[in-house]
Amino acid sequence: MNDVDVVVVGAGVTGLTAAVRLREAGLDVVVLEARDRVGGRLLTETVDGVRLEIGGQWVSPDQTALLAMIDELGLTTYPRYRSGESVYIGRDGVRKTFHGDAFPVPAETAVEIKRVAAELDRLAAQMDPLVPWDHPLAVELDQMSFAHWLSSQTSDQEARDNIGLYIGPAMLTKPAHTFSALSAVLMAASAGGFAHLLDADFILDRRVDGGLQEVPLRLAARLEGLVRLSTPVDQISWDGTSAVAGGYRARHVVLAVPPTLVNRIRFAPALPPVQAQMRQHQSFGLVVKLHITYETPFWREEGLSGTAFSPYALVHEAYDNSNEDVAGDDRGILVGFVSDVRADALLALDAGTRREEVLTSLAAYYGPGALSPVAYYESPWQSDEWTAGAFGTSFDIGSLTRYGRHLRTPVGPLSFVSSDVAGLGFQHVDGAIRMGEAAAAAIVEQR
Ligand code: FDA
């Protein structure tokens, strides 16, 4: 048995940030990681000769913890390609092009989108995303689905479908009837306001040169061999003062894994009932991230930015994701997303039919050129046992107020963190860094 001050379980950004900060404070740390690589939900990989961001990739200006980390690690960023017109397909099925973030919807729908968005922003401004259960309307909002809340706000179907898209399929990656209005407000508050989520140029602003996985790779490099790969932790025994995990005895164990995976570990003694109950009410959303590569970014020649949206299309959003940072790579890459119930249906098809359906959906935005890619890839997070969904986890209806205050409560020597329990940066890398730093600070304070 090896003795250390802290065992960190999970070498995603949360765990690696915690480990680096603990080490800087002079503590003896080891990181145990189930996979044979670091980065968790961040993976920059070359597939069929194309460098892809299989997991997280974008950075927005409000993500100050991530931006500071990017600076600290000596990384640089570049803006997402966005010159030209965007495409929108509305309820009437008609394809329209537009500039800016206001969709070309009927005038009365535009008024309703603006009004309901302002109401969401007002609710978000009343919330500290670290403690959403303290919102003045927390119980009322947590007891109704977001779909129900939207119906209570406007009778305009296209306005509901658009606002619903931004929080449902595009963010929590669940249908709007399966999570609460409070969870929707939390999503908005954690991004600094709903207006930010509506503005693709803000929320999907920049990319990291070399890929976002450079963040965990460089954090791991700072740990100089203290990360043990291919070391899944399946059992933790603990008492009031220490814990044993993966052959290490430590005064603290930081479980830097998604809440759904905490439940896969056997604890001896068992965790208090509220802990086990709570995590049965948190679940991953489902979204298939698609990477489609073309000989050239042909849409640019037609004056298109590559940005496309439709609450009514299989691929509900898509962007130009060409690798501007790779010298000499002139290929055009589109990234698209198929979410929740549409993802269920897509994943039930065979590979050839899936590809055909996706390309047909893209052709409705970009024209027939979209039907002839040189490479096609679907990120497989839903079938990866160390994630099992995307992008992150969220609570079912009523559970944020019922359990939320236990989310970050340590149990004896055990603490539980990941981007899924963050306030600012919830479900994002920014939140992972904030949670990793907070976990480390709490341990250092107890020294
Ligand atoms: P993460 O899940 O990354 O790490 C947990 C680690 O623990 C994993 O390495 C896992 O293998 C390990 N583990 C689990 N159980 C274990 C056990 N029992 N023993 C040992 N190890 C164990 N964010 C963003 O900011 N911008 C974006 O553009 C996107 N886009 C995006 C797209 C897709 C497809 C996905 C899947 C996700 C995103 N995200 C994102 C979200 C972002 O990637 C995510 O919030 C963080 O990377 C989560 O980091 P954590 O370290 O909290 O968890």
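Here is a short report on the structure shown in this document.

How each quantity is defined
Residues numbered from 1 in each chain as written. Predicted model: local features only at pLDDT ≥ 70, side-chain atom pairs only at ≥ 80, totals over all residues. Heavy atoms only, no water. Helix = DSSP H or I, 4+ residues; strand = E, 2+ residues; numbered from the N terminus. Buried < 20%, exposed > 50% of the residue type's maximum accessible area, 1.4 Å probe, protein only. Polar contact = N/O pair within 3.5 Å; in protein donor to acceptor, adjacent residues only side chain to side chain. Contact = heavy atoms within 4.5 Å. Pairing = 2+ DSSP bridges. Axes fitted to C-alpha atoms, helices over the stretch in contact; angles between N-to-C directions. Left-handed = near helix turned anticlockwise from the far one by under 90°. Nonpolar A, V, L, I, M, F, W, Y, C, P; charged D, E, K, R; others polar. Near = heavy atom within 4 Å. Areas by Shrake-Rupley, 256 points an atom, 1.4 Å probe, with all protein chains shown as cover. Salt bridge = Lys/Arg side-chain N within 4 Å of Asp/Glu carboxyl O.

### What to know about the side chain of Ser418
- Inspection of the secondary structure puts Ser418 in the loop between β22 (414–416) and α17 (429–445).
- Residue class for Ser418 comes out buried when judged on its relative accessible area of 4%.
- Reaching out from Ser418, the side chain makes a polar contact with the side chain of Asp420 at a distance of 2.7 Å.
- Not counting the four nearest positions on each side in its chain, Ser418 is found in contact with Thr14, Val257, Pro258, Pro259 and Met435.

### A word on the sheet that holds strand β6 (residues 77–79)
- Across the sheet, which stays open at both edges, the three strands sit in the order β5-β9-β6 with antiparallel pairing between neighbours. The two strands at the open ends of the sheet, each matched to only one other strand, are β5 (58–59) and β6.

### What about the packing of helix α1 (residues 13–24) against α17?
- Where α1 meets α17, the closest approach of the two axes is 7 Å, and the angle between their N-to-C directions is 35 degrees. Seen from above, α1 lies across α17 with right-handed handedness. Contacts between α1 and α17 involve Val13, Thr14, Thr17, Ala18, Arg21 and Leu22 from the former and Val429, Ala432, Ile433, Met435, Gly436, Glu437, Ala440, Ile443 and Val444 from the latter.
- Partitioning the contact of α1 with α17 into residue classes produces 10 nonpolar, three polar and two charged.

### Quick notes on the sheet that holds strand β20 (residues 375–378)
- Pairing is mixed across the open sheet formed by seven strands, whose spatial order is β8-β7-β17-β18-β19-β16-β20. Either end of the sheet is taken by a strand with one partner, and the two such strands are β8 (95–98) and β20. Between one strand axis and the next, the sheet turns through 20 degrees on average, direction left out of account.
- Pairing of strand β17 (residues 304–309) with strand β18 (residues 317–320), which is carried by two bridges, proceeds in the antiparallel orientation. Bridge pairing links Ala308 to Ala318 in β18.
- Lying over the sheet, helix α15 (residues 351–366) contacts β7 (85–89), β8, β16 (287–294), β17, β18, β19 (332–339) and β20, oriented at roughly 115 degrees with respect to β17.

### Looking at the environment of Ala268
- Structurally, Ala268 can be placed in strand β14 (residues 266–268).
- Distance from Ala268 to Asp239, taken between C-alpha atoms, is 8.6 Å for residues 29 residues apart in sequence.
- Other than its neighbours up to four places away in sequence, Ala268 contacts Ile236, Ser237 and Trp238.

### Brief notes about the site of the ligand
- For the ligand, the set of nearby residues contains 37 residues, the closest of which are Thr14, Glu33, Arg41, Trp58 and Ser419.
- Arg41 is positioned with one of its backbone polar atoms (N or O) 2.8 Å from an oxygen atom of the ligand.
- Within the backbone of Val429, a nitrogen or oxygen atom sits 3.0 Å from an oxygen atom of the ligand.
- If the ligand stood free it would expose 1,000 Å²; the protein chains cover 98% of that surface.

### What about unusual backbone geometry?
- Residue Pro269 is reached from Ala268 by a cis peptide bond, and omega for that bond is 0 degrees.
- Geometrically, the link from Ala390 to Phe391 is a cis peptide bond, its omega value of -5 degrees lying close to zero.
- Among the structural elements, Phe391 can be located in the loop between β20 and β21 (393–395).
- In this structure, Ser230 is a non-glycine residue whose phi angle is positive, near 50 degrees.
- With respect to the helices and strands, Ser230 occurs in the loop between β10 (227–228) and β11 (235–238).
- Given the relative accessible area of 48%, Ser230 is considered partly exposed.

### Overview of the pattern of salt bridges
- Tallied over the full model, the rule gives 24 salt bridges.
- Two residues, Glu437 and Arg21, come together in a salt bridge whose shortest N-O distance is 2.9 Å. Taken together, the residues span a long stretch of sequence, with Glu437 in helix α17 and Arg21 in helix α1 at a distance of 416 residues.
- Judged by relative accessible area, Arg21 falls into the buried class, the value being 19%.
- Put simply, Glu385 and Arg264 hold a salt bridge, and the shortest N to O gap is 3.1 Å. Taken together, the residues Glu385 in the loop between β20 and β21 and Arg264 in the loop between α11 (259–262) and β14 connect sequence positions 121 residues apart.
- Residue class for Glu385 comes out partly exposed when judged on its relative accessible area of 45%.
- In the salt-bridge network here, residues are joined through shared partners; they are Arg21, Glu24, Glu72, Arg222 and Glu437.

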